[in-house]
Amino acid sequence: MLEASGLMVFYENMLALNNINIQCGQGQIVGVFGANSAGKSTLMYTLSGIMQDIQKKEDMAGGERITILGDVIYQGENISRLKPSQRARKGIVLCPERRRIFSESSVLENLKIGGYLASPAQARKTLAYVFEIFPALEKLKKRVGGFLSGGEQQMLAIGRAIMAQPKLLLLDEPLLGLSPLMQAMLMRATREIRDRMEISIIVTEQYARPVFPIVDYAFILENGAAVMEGTREELMDNPDVRSAYFGVEEPHA
Ligand code: ATP
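Below is a short write-up of the structure. A quick note: this is a predicted structure, and the numbers were derived from the prediction, not measured.

**Overview of the sheet that holds strand β8 (residues 200-205)**
Read across the sheet, six strands follow the order β6-β7-β8-β3-β9-β10 without closing on themselves; strand pairing throughout is mixed. Looking along the sheet, the strands with just one partner apiece sit at the ends: β6 (92-95) and β10 (225-231). Each strand axis lies, on average, 15 degrees off the axis of its neighbour in the sheet, ignoring direction. Strand direction decides the pairing type here: strand β3 (residues 29-33) and β8, joined by five bridges, are parallel. The residue bridging Ile29 from the neighbouring strand is Ile201, located in β8. Along the sheet, helix α1 (residues 40-48) makes contact with β3, β6, β7 (168-172), β8 and β9 (217-222), crossing β7 at roughly 155 degrees. Sitting on the sheet, helix α7 (residues 150-163) is in contact with β6 and β7, with an inclination near 165 degrees to β6.

Next comes the structure, spelled out in structure tokens:
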């Protein structure tokens, strides 16, 4: 479904992505884990095409020189040069970090804006589905986004993203700053969305623990490079991964 190879991104001379090769198969949930500044958002921007927009804006403003290299193949097509809007139309939808919802607009307006790519019938059906998986949002549909709790804002951000009819949903740090209970609920909802909508999902997070139960495959990023990858089982069995990303101390022999 998606295969990115040799991705490199430089902010001026600073290497933010270092020869990343990642894949996400049809119907898979793929995790990308890494500490602050490991390159998670840069990767998500590069896959969704937003990196190219940032690059152009910087160019026009005479700002920093951003270099993007490598290929993104999506459903057999090389989309590396496509704009984010073209990628969105093909079904690549980014749910950005820090839940960038429209804080002055109501929950319902936020969701409807998300549905701009959908036919009216699709939008109606997806809206009903968003309220089915996140019943809290239906109760809050008239409330403005800015007055929602962090967890409610994240539900809204995911709801808005799925209104755009994704085939590949990119979730950038959806759990940041949320309680363990809310994190678990959002991850269950994410798996349920994958199953029901039959889509693929790439999710980044700093800590693997809350996301791990739902991933099929995962990559570990360090300083812009993918230093490890494997199925959930392979990574769980790896003592280095367990201690670094799960806080599980290995018993001393
Ligand atoms: P976080 O968990 O803090 O969001 P991240 O893993 O998403 O981190 P990125 O935001 O992709 O990491 O950043 C990767 C590196 O690139 C960092 O060192 C960051 O400071 C740097 N960086 C990001 N954006 C820019 C920019 N516009 N100009 C210069 N450097 C940048």
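That shown, we press on.
**A few points about the state of the cysteines**
Under the defined criterion, the tally for this structure stands at zero disulfides. Not part of a disulfide, Cys95 finds its nearest cysteine sulfur in Cys24, a span of 16 Å.

**Concerning the packing of aromatic side chains**
The full count for this structure, using the stated rule, is two aromatic pairs. With a centroid separation of 5.9 Å and 45 degrees between ring planes, the pair formed by Phe33 and Phe212 is classed as tilted. Of this pair, Phe33 sits in strand β3 while Phe212 sits in the loop between β8 and β9, and the two are 179 residues apart along the sequence. Taking relative accessible area as the criterion, Phe33 reaches 0% and is therefore assigned buried.

**A few points about the nonpolar core**
Membership of the largest hydrophobic core comes to 48 residues, with the highest contact counts inside it found for Phe33, Leu111, Phe134, Leu137, Leu186 and Val211. With seven residues, α7 is the single largest residue contributor to this core. Every residue in contact with Leu137, bar those within four places of it in the chain, is listed here: Val107, Val130, Phe131, Glu152, Met155 and Leu156. If you look at the next biggest cluster of nonpolar residues, it comprises 29 residues, including Ile20, Leu47, Leu82 and Leu168.

What counts, and at which threshold
- Residues numbered from 1 in each chain as written.
- Predicted model: local features only at pLDDT ≥ 70, side-chain atom pairs only at ≥ 80, totals over all residues.
- Heavy atoms only, no water.
- Pairing = 2+ DSSP bridges.
- Helix = DSSP H or I, 4+ residues; strand = E, 2+ residues; numbered from the N terminus.
- Axes fitted to C-alpha atoms, helices over the stretch in contact; angles between N-to-C directions.
- Contact = heavy atoms within 4.5 Å.
- Disulfide = S-S within 2.5 Å.
- Phe/Tyr/Trp six-rings, centres within 6.5 Å; stacked < 30°, edge-to-face > 60°.
- Buried < 20%, exposed > 50% of the residue type's maximum accessible area, 1.4 Å probe, protein only.
- Core = buried A, V, L, I, M, F, W, Y, C linked by side-chain atoms within 4.5 Å.

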